[in-house]
Each structure stands twice: as structure tokens, then as C-alpha cells.
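Given next are the chains, with one letter for each unit.
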Amino acid sequence: LLKLLNRKHSKKQVIDLINNLNDIGISNINIDMMFGINIENKEIINNDLDIISKLNIKHISYYSLILEDKTVLSNLIQQNKINLPDDELTSKMYDLIIKELKEFGYHHYEISNFARERYESAKKQYEEMRSKPNKTPEDKRQETFLKKQMDHWKSKSDFPGENHSQTVKGNR
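Procedures and definitions
- Residues numbered from 1 in each chain as written.
- Predicted model: local features only at pLDDT ≥ 70, side-chain atom pairs only at ≥ 80, totals over all residues.
- Heavy atoms only, no water.
- Phe/Tyr/Trp six-rings, centres within 6.5 Å; stacked < 30°, edge-to-face > 60°.
- Helix = DSSP H or I, 4+ residues; strand = E, 2+ residues; numbered from the N terminus.
- Buried < 20%, exposed > 50% of the residue type's maximum accessible area, 1.4 Å probe, protein only.
- Pairing = 2+ DSSP bridges.

Asks: Describe in detail the packing of aromatic side chains, supporting the description with residues and values.
Replies: Scanning the model with the defined rule gives two aromatic pairs in all. With 5.9 Å between their ring centres and 15 degrees between their planes, F35 and Y94 make a pair best called stacked. Here F35, found in strand 1 (residues 29-35), pairs with Y94, found in helix 4 (residues 87-103); they are 59 residues apart in sequence, far enough to count as distant. Judged by relative accessible area, which is 2%, F35 ranks as buried. Judged by its relative accessible area of 22%, Y94 falls in the partly exposed class.

Structure, rendered in C-alpha cells:
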């Protein structure tokens, strides 16, 4: 499937990289996944979710496929070599992903985002902390920390994304 999406890495490489990051103490890892490709089925998605559950991933962005013009995949679809699933099947895939990730202990907090407790994006945590009434001194320290973290990354040209973790592309 990765070759179909014109990716240069393999599932094994992603798994090895995540394990290596965990081994050296980097544990705040985000992984991007994709669903909505017609060759997927419940077994493939469950297998991917099972692998994710064993990798100590803190944050998952699980996107529905958005077809971009002038890509290998769009060309294959135009040539009728592959089809996209209908909306009903895509919806069933999404429901399965939500259900399974919840069972694995992930909180579904935005359309495509799932996180372990307190690993939502820094922006999300900051917004929640900012709107919290009757803040404790610890809450105020956490709010200040999150604001500084966001300001720091906004000033960088290599802004890594909202959740400020090491991102590993992993859509099979």
C-alpha cells in the first residue's frame, strides 16, 4: 500500500524507527495514518491498529484519504486501475478506527486526532487551560509553559506541527 501511495518507506521501517526512538528515551511520538483506500478492509485496519497499540504512540492523526491532483494515486484512479471506497464504507472504516483507538486508551479530541491522556496538541491543551476557571498555581505554570512552547515553535522555520512531537509518517 505504501508503494501505491508513492511512499519510500516500509511498514517495518516505521515500526523499527518508533521502537528505536522509544529505546533512546524519545517517547512523545506522533504518527500519521491514512484510511479510505479501497483495498483496505477491516482486517488490515485492525492489524494496523493492533501494531499502533503496541508501539507506545502518544498521539495519532488518522486522516481520511484526500485525493490530490497529479499524484500517482489520482492517475491510477483516472485510469480505472483503482477505485476509492464509497462514503458508506469510508464511514464504517472511520467508526472502526474510533472504536478501536478508544479501546486502546486513546481520547478522540478532534476529527482526525487521538491522544493518550495529556498528549493532545499543545494548542488544544493551552486552549483548555486558558478557559479553565479558578486556576491553581500549577495550572498557571502549565498554561505559561504551553504558551512558551507554542511561541517557541512558531518562531522556528522548521515548525513540526501543533502537537510538538516527533512525527513519523506511517500510513502503511
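Asks: Describe the pairing of strand 2 (residues 59-64), naming the residues involved and giving the relevant values.
Replies: Where strand 1 and strand 2 come together, six bridges link them in parallel fashion. Opposite M34, over in strand 2, you have Y63 as the bridge partner. Strand direction decides the pairing type here: strand 2 and strand 4 (residues 113-115), joined by three bridges, are antiparallel. The residue bridging I60 from the neighbouring strand is F114, located in strand 4.

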